[in-house]
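# Residue-level structural notes
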Amino acid sequence: MISVPSAATLGFKSSASAVVLTAATDAANVVTFSFNAANFGATVVPTYSLEFALPADTNGANAWANAIVVKLPEGSLSKVYTGADFNSLSSVQLNLPTGAVSTLAVRLKAEVNQNTGLASTIKPVYSTLTLTVNPYKAIVEYPALLVKGGNSWKTPATRTNGFLLTSAKFNSKYEGYLNLPNADGFGGDAFQLASTLDPNKVYGWGGTATTMNLNSGNLYLTPSPAYLKVNADVDALTISYTPVKFFISGDDNSWSLTSTPLNFNAATGKLEASNVALTAGKSFVFTCNGSYDISYKVDSSGNLMFAGAPSWGGINIPVTKTGVFTVTLDLSAGDGNYTYTIK
């Protein structure tokens, strides 16, 4: 006979109610989640997972649907987080603002699965707690697909900005911007994508211009020379690419989508616009290809974020000083590490 335990018997708790993260706490253990073994009244093997979400995402029809799920090893009754891991979870995976205190909801799930791994008819038991976290902005070395140039295209042998796609959500989807040099002179460039997670996984030609396969021939992207936004999905084995031309659109140029272009600097791998007149108190947006479909603004912490279709989010980039500046848009480090400067 199975007897489903109450949430209270799990004794789910956190070692800290408020976690402040800095570079100095990266290697330290900053929080431990612990609980009692779930007693289902029979000899069964429960499995446990922790679910992390914003409080606003824990109610309604889609409650906890956006949670980050962390499955615990069999027999484990606790989970210890280092500062680096908890900062990555909160600021990257949950996209919490850095340098600000946010409330985080954490739910323990205890369940009994069939020996096939499938869910059983026994209802899971949940226990929830909240804590506050103040993450910091870190340059995260995300999982990446590294560009290995084919034919005449010579690329760096090691991980190098400008020659990678990254997975900012630590999932199967990778994004980055590549400058195709037209190395062979045929209007396109050949290359493969090597995974930093598994050196044996190298993605190449999948039979069409938008598909990939493991350990096959070269991918071939056109047009070239061109600066392209590239997205790849290693689960779906798909790749897409869009030639892009970025512009500064704001108050100081009457929100023109074409009058203030950013040009690719081959020496730095960044996009730059010189002699840009800006006025304190005004704002602007990085737009692309004459529209806002691909565009970048800032979040509430001032970090550059994608603001185009279909999310249409973000805050216009504020100008704090009046003068003539060089504006730089750096998309070379891959998704999650895009930045800009005004100097």
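Our structure is the block above this text.
Residues numbered from 1 in each chain as written. Predicted model: local features only at pLDDT ≥ 70, side-chain atom pairs only at ≥ 80, totals over all residues. Heavy atoms only, no water.

## Some words on the overall build of the protein
Stated precisely, the cut-off is as follows: Strands are runs of DSSP state E lasting at least 2 residues, helices are runs of H or I lasting at least 4, and numbering of each runs from the N terminus. We call a residue buried when its accessible area falls under 20% of the maximum for its residue type, exposed when it is over 50%, and partly exposed in between, using a 1.4 Å probe and counting protein chains only. It only takes one pair of heavy atoms within 4.5 Å for two residues to be counted as in contact. Each accessible area is a Shrake-Rupley result for a 1.4 Å probe, and residues are judged covered by the shown protein chains and nothing else. The charge count includes Lys and Arg as positive and Asp and Glu as negative, but it does not include His or the ends of the chains. To locate a charge, take atom NZ for lysine, CZ for arginine, CG for aspartate or CD for glutamate.
In terms of helices and strands, the protein carries one helix and 26 strands. Across its three principal axes, the protein shows a C-alpha extent of roughly 70 × 50 × 40 Å. Expressed as a percentage of the 343 residues in the protein, the buried residues total 44%. Once local pairs closer than 6 in sequence are excluded, the contacts in the protein between residues at least 24 apart make up 62%. Summed over its atoms, the accessible surface of the protein is roughly 16500 Å², and 52% of this surface lies on carbon and sulfur atoms. Of note, the protein has its 20 positive side-chain charges centred 3 Å away from the centre of its 20 negative side-chain charges.

## Quick word on the nonpolar core
What counts here: Buried Ala, Val, Leu, Ile, Met, Phe, Trp, Tyr and Cys residues form a nonpolar core when they are joined through side-chain atoms within 4.5 Å.
Of all hydrophobic cores here, the largest spans 37 residues; its most connected members are Val19, Val31, Phe33, Phe52, Phe86 and Leu131. Those elements giving two or more residues to this core turn out to be β3 (29-34), β4 (47-53), β5 (68-71), α1 (83-93), β7 (102-111) and β8 (125-134). For leucine 131, the contacting residues outside a window of four places in its chain are Ser14, Ala16, Ser17, Val19, Val31, Phe33, Phe86, Ser102, Thr103, Leu104 and Val106. One finds Tyr227, Ile248, Leu304 and Tyr338 within the second-largest nonpolar core, a separate group that totals 24 residues.

## Focus: the sheet that holds strand β26 (residues 339-342)
Quick note on the threshold: Here, any two strands with at least 2 DSSP bridges between them count as paired. To get an axis, fit a line to the C-alpha atoms, keeping to the stretch in contact for a helix; angles then go from 0 to 180 degrees between the N-to-C directions.
With antiparallel pairing, four strands are arranged side by side in an open sheet as β19-β20-β25-β26. The sheet is open, and its two edges are formed by β19 (263-265) and β26, each paired on a single side. Across the sheet, the axes of successive neighbouring strands diverge by a mean angle of 30°, strand direction being ignored. The pairing of strand β25 (residues 323-330) with β26 spans four bridges and is classified as antiparallel. The partner of leucine 329 across the bridge, within β26, is tyrosine 340.

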